[in-house]
Structure formats: structure tokens, C-alpha cells
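# Structural features, examined
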Number of protein chains: 2
Amino acid sequence: MGKESSLAPDTAKRRRRKEARPAEIIAAGLAEFADRGFAATKLEDVAARAGVVKGTIYRYFDSKEALFEAALKAQIAPVFDEVLGSLDRFPGSTADLLRLVVPTIYRELFGSGIHVLMRIIIAEGGRFPAIAEFYHRESISRGKAILEAIVRRGVERGEFRSGAAADLPMVVIAPAVMAAVWKMTFDRFEPIAIERFMEAHLDLVLNGLAAR
Amino acid sequence: MGKESSLAPDTAKRRRRKEARPAEIIAAGLAEFADRGFAATKLEDVAARAGVVKGTIYRYFDSKEALFEAALKAQIAPVFDEVLGSLDRFPGSTADLLRLVVPTIYRELFGSGIHVLMRIIIAEGGRFPAIAEFYHRESISRGKAILEAIVRRGVERGEFRSGAAADLPMVVIAPAVMAAVWKMTFDRFEPIAIERFMEAHLDLVLNGLAAR
DNA sequence: GCAGATAATGACTTAGAAGTCATTTACTGC
DNA sequence: GCAGTAAATGACTTCTAAGTCATTATCTGC
């Protein structure tokens, strides 16, 4: 953090921090957008949360919309690519591979800010097609490719049945999506235990794909 | 949709239709709320769509929020109850029962306005907990009960394995939820074929639950 | 320690949408 | 047909939040 040569560590009220501001404003914006939606979010609130004043936001972003798009793009991190390559090298069964990958997805979904992102995409995707398209291209389609590769591996090695489910590997991850949706809608009224849910998910999927 | 017939002798510009207005305004409101969200929806637009003027809305609803709640409550129709009773009487296997019930759910989800409702609940649930709670109580928890009854039947008759998936029957319907979410976010960029998706869904679930 | 340069501020303007209400007009019973 | 009524209107007020900008305070190099 910045420092000052007075008594309290950070007394100056107008610290100039050109480098740090955008990221702080983006983080504040993302949080506000996530639980209010684009239209209901006030830049005044975003500013307050970021520890600045509304006018400051306009030094770094042209408009509310520009901040919105910047915030979402900053959050969409394609971490998938390396996984695809390492699939070939995995030594165990494909069931074990799924037992490794599925919990990773749950951790990503519920540990990081991704389900926050999901809510925004669902809520605002219609009005910001560019964002939905970007997210689809950068994250969703890659995740899908990985799933396809895994299921194909299982079929090729004779571990999984071929059939309708193997042809549309998306269904394999559906319970995780449902859990995320539940978390953001009904969890207050009827909480779900993610750990148990994930076990049920794996139980269903591994048995559903397994060759007889 | 309910528009005025411009040819017919319906020229009067201020028809008084006390009975029909509320339903028309609600329908218009639901449509606008669904693709704009609560905050971004303008009552002026709702009025235009309903063929009235903004002031008229206030004859029937106290506020934008009141209209919103009325619209959602009108759409939440608990059609589940009779199903629960008829489960006992179903003659076939539990797999066949699911092959009957799952397509019904897909038809409900995609044929009627339910996935529209879903989007609103996801987008605005945080700001309108009363609505989310109502929807959960009237629809979700009943659907869940039905699923539980079906899976229990399968286990009791020795058709389904008992295990993690059978203990949390929610996972069984997850792919339908995912399909609905997909429809409202990425379908423009990468359309999914609901029919094929449903087959993959049933394939995965029936095999995943089946006793060995 | 001084003089630019510019990050940050907060008071301001503006736009747009919620909500109000006096007036107009269609319908009703007589 | 007429008078009373209330449904519907549209012009109005009010309020809120986006976006602007002249001023102020902090930082930098000298």
C-alpha cells in the first residue's frame, strides 16, 4: 500500500493511485452488478465500495456500460487450455479422471467468482449479447471440448458405453450447473450441501456412462 | 396475442374493459420483465404493449413492484399435485414412468412460459426474496417431492440402485435445468436440439439409476 | 522546496422514468 | 335520449441516477 510520513499510516484523503484504481473499481463494480444487476446498480455505490467518488470512475471508464463490460471481461479467465493437453498423459481410468475433474469444476464454480458471473450472464445476456458471446467462446465452448475429450477417451478405452449420453457430453456436467443455479436462487430457503450433491452427481454420471 | 382487431367496428379509442385489462397488463409486464429485467423495464413500454397508457396501469396496480409481483404470481401455476397421486396407479416400470415424466417436464419448460419465469427468478430473486420463496414453495419443492417419490418407487421395486444419486433425486432433473439455462443464454450462438438433449438426458439417468 | 502536471473531488446539469391527477369520454340504467 | 359513473387519458410533478467539469490536492522531477 501507499505510505505517508505522518502519524496514521494512510491519512491523505486524495491519494493518487493511477495503477490500482481500475482494478479496485472493477472489483467493486462486479460485486454490485452481481447482486443488483446492471440497471439497478448505482455508480455512486460502486464508487463508495471502491473507496472513491463517482467522478473518479469516469477517469477510467467512459460509461457505466464500459465499466460493466470491462468488469466481466476481467473475470472471464480461460484456464482450461492446459487441461486439454494433459488429458493424454493421465494414467488412470476415465472414471478416475472424472473423479478428478468434476470436483475441480465444483471448486471453480463455488470457490471463485464464477457463479457470480453466471448470474450476470443469465440476467443480462439478452441485453449484452457481446458479453454472452465472449463468455461462450472463451469459457463454455472450451469446457465443452474438454468434456467431449474425456468422454471420448472413456468410450475408446471401452470403459464407457457409446450412446446418447456419450454423444452429448454436456449432460455430464449438468448437475453442477443446477447446483450453481440453486445456490443463487433457493439456497436461502433450502440450502444444498454441495459436497453431498457432488457425490450424487458423480454417482449418477459414472454409473450412467459405465459400460455394462 | 390479445390485440385489438383494427378492421372490426372497434374504432372507439377509449374502450372501457375493466375485466380484461389486468390480465393484459400482466401479460405485457411479464414479457417486458422477462427480457429486460425489473429495473430496466419501463412502465411506458408495458402500457404500450398492453394497448393502454401508463396511467391506466396505476388504476389496477399500486406500483411497478406490485405489478411485478402480481405478474409472477399469476404465472406460477402448481400443476403438480395430481401427478403425485397418480404415481401409485402407474402400471409399468419406473424407467417407463420416467420416460413419461421427463418429456412432460421438457414440454412444460420449453412450451409454456416457465423458462421465462426461471430467468426472472434467477435475475431478480436476490432483490425479491418473497417471490423466490413463493416459487420455491409452490413449484420447486413439489416437483422435488414428485421426483423423490418416483426414485423411491424404483428403488423399492428393485429397479434402481440405492446409492448417492437415489438419495438426492434432484440430480436426476439437472440436465433439463441446464437446457433451460442454455436456451436463455447461449442458444443464439450455439443452439441445442432439445429433443436430442432430452434423449441424452434420459439415457444417462436411466442407466445411472438402473440396478445392475 | 518549488512548479508543473494530473488524479481526485464534489457540486452541478441533464435525462428519463415513476407516480399523480384533473379532464375527457365511453358505458350504464333509467 | 339523458344523466350519472368511472375507465381511460395525457400532461404534469418529482425524484433519482448518469454523466460533466471547474477546482483542489497530491505527486513528480528539478
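Residues numbered from 1 in each chain as written. Chains lettered and ligands numbered in written order. Predicted model: local features only at pLDDT ≥ 70, side-chain atom pairs only at ≥ 80, totals over all residues. Heavy atoms only, no water.

A ring pair, where both rings are aromatic, is described by two values, the distance of the centres and the angle of the planes. Under the counting rule described, the total for this entry stands at 16 aromatic pairs over all chains. Centroid distance Phe-33 of chain A to Phe-68 of chain A: 4.9 Å. Interplanar angle 85 degrees. Geometry classified as edge-to-face. Taken together, the residues Phe-33 of chain A in helix H1 (residues 20–36) and Phe-68 of chain A in helix H4 (residues 64–75) connect sequence positions 35 residues apart. Judged on exposure class, the residue Phe-33 of chain A and its partner Phe-68 of chain A are both buried. Ring centres of Phe-68 of chain B and Phe-128 of chain B lie 4.7 Å apart, and the angle between their planes is 45 degrees; this geometry places the pair in the tilted category. With Phe-68 of chain B in helix H4 (residues 64–75) and Phe-128 of chain B in the loop between helix H7 (114–124) and helix H8 (129–156), this pair connects stretches of sequence that are 60 residues apart. An identical accessibility class is assigned to Phe-68 of chain B and Phe-128 of chain B; each is buried. Members of the aromatic cluster, joined through ring pairs, are Phe-33, Phe-38, Phe-68 and Phe-128 of chain A. (Phe/Tyr/Trp six-rings, centres within 6.5 Å; stacked < 30°, edge-to-face > 60°. Helix = DSSP H or I, 4+ residues; strand = E, 2+ residues; numbered from the N terminus. Buried < 20%, exposed > 50% of the residue type's maximum accessible area, 1.4 Å probe, protein only.)

With that settled, the discussion passes to the protein's contact with DNA strand D. Around DNA strand D, the surrounding shell holds 24 residues, and the nearest of these are Arg-14 and Arg-16 of chain A together with Arg-16, Arg-17 and Tyr-60 of chain B. Near the protein, within 4 Å, the atoms of DNA strand D are sugar or phosphate in 63% of cases. In the model, a phosphate oxygen of DNA strand D is placed 2.9 Å from a nitrogen or oxygen of the Tyr-58 of chain A side chain. Within the residue set of the surface near DNA strand D, elements represented by two or more residues are helix H3 (54–60) of chain A together with helix H3 (54–60) of chain B. Ranked by residue count, the leading element in the surface near DNA strand D is H3 of chain B, at four residues. (Near = heavy atom within 4 Å. Polar contact = N/O pair within 3.5 Å; in protein donor to acceptor, adjacent residues only side chain to side chain.)

In this complex, chain B contributes 54 residues to the contact, which on the side of chain A involves 54 residues. Both faces considered, chain B and chain A share a buried interface measuring about 4,800 Å² in area, 71% of it formed by carbon and sulfur atoms. The largest share of the area that chain B buries against chain A comes from Ile-122, Met-178 and Leu-204 of chain B, three residues that together contribute 13% of it. Remark: the boundary between chain B and chain A carries four salt bridges. Scanning the region where chain B abuts chain A turns up 14 residue pairs in polar contact (both at pLDDT 80 or more). Elements with a minimum of two residues in the side of chain B that touches chain A: helix H1 (21–36), H7, H8, helix H9 (164–167), helix H10 (174–185) and helix H11 (194–209) of chain B. (Contact = heavy atoms within 4.5 Å. Buried area = accessible area lost by both parts, 1.4 Å probe. Salt bridge = Lys/Arg side-chain N within 4 Å of Asp/Glu carboxyl O.)

Turning next to the relation of the copies chain B and chain A. Rotating chain B by 180 degrees and translating it 0.0 Å along the rotation axis places it on chain A, where the RMSD comes to 0.1 Å. Both copies of the chain, as the preceding transformation shows, are related through a two-fold rotation axis. Among all C-alpha atoms of chain B, that of Gly-208 of chain B lies closest to the rotation axis, at 1.7 Å. Most of the interface of chain B is mirrored in chain A: 100% of its interface residues are interface residues there too. (Least-squares fit on C-alpha atoms with pLDDT ≥ 70 in both.)

Now for the packing of H1 of chain A against H4 of chain A. All names here are of chain A. Contact pair H1 / H4: the axes reach a minimum separation of 9 Å and the direction vectors enclose 95 degrees. Considering their axes alone, H1 and H4 lie roughly perpendicular with respect to each other. Residues Ile-25, Ile-26, Leu-30 and Phe-33 of H1 touch H4, and the partners they reach there are Lys-64, Leu-67, Phe-68, Ala-70, Ala-71, Leu-72, Ala-74 and Gln-75. Looking at the contact of H1 with H4 residue by residue, the classes come out as 10 nonpolar, one polar and one charged. (Axes fitted to C-alpha atoms, helices over the stretch in contact; angles between N-to-C directions. Parallel < 35°, antiparallel > 145°, perpendicular 65-115°, else oblique. Nonpolar A, V, L, I, M, F, W, Y, C, P; charged D, E, K, R; others polar.)

This part takes up empty space enclosed by the protein. One pass over the full model with this rule turns up one cavity of 30 Å³ or more. The space that makes up the largest cavity amounts to roughly 30 Å³. Lining the largest cavity are Phe-33, Ala-34, Gly-37, Arg-119, Ile-120 and Ala-123 of chain A together with Ala-123 of chain B. Of all the secondary structure elements, the ones that give two or more residues to the lining of the largest cavity are H1 and helix H7 (114–124) of chain A. At three residues, the largest contribution of residues to the lining of the largest cavity is made by H7 of chain A. Residue classes in the lining of the largest cavity are distributed as five nonpolar, one polar and one charged. A domain-level breakdown of the lining of the largest cavity finds at least three residues from each of domain 1 (20–74) and domain 2 (76–209) of chain A. (1 Å grid on protein atoms, 1.4 Å probe; cavity = no way out; pocket = protein on both sides within 12 Å on 5 of 7 lines; lining within 4 Å. Points joined across faces, edges and corners; volume = space filled by probe spheres on them. Domains from an automatic or database assignment.)

Let us now look at the pattern of salt bridges. Across all of its chains, the model carries 29 salt bridges over all chains by this definition. Note that Asp-96 of chain B is salt-bridged to Arg-99 of chain B, the shortest N-O span being 3.3 Å. Taken together, the residues span about one helical turn, with Asp-96 of chain B and Arg-99 of chain B both in helix H6 (residues 94–111) at a distance of three residues. The closest approach of N and O atoms between Glu-133 of chain B and Arg-137 of chain B, which form a salt bridge, is 3.2 Å. Of this pair, Glu-133 of chain B and Arg-137 of chain B are both found in helix H8, four residues apart, which corresponds to roughly one turn of the helix. By sharing partners, the salt bridges in this structure join Glu-32, Arg-36, Asp-45 and Arg-49 of chain A into a single network.

Residue and element names in this part refer to chain A. Taken domain by domain, chain A comprises domain 1 (20–74) and domain 2 (76–209). One C-alpha centre belongs to domain 1, the other to domain 2, and the line joining them spans 29 Å. Taken together, the contact pairs 12 residues of domain 1 with nine residues of domain 2. Of all residues in domain 1, Ala-34, Leu-72 and Lys-73 give up the largest surface area on contact with domain 2, accounting jointly for 51% of the area buried on that side.

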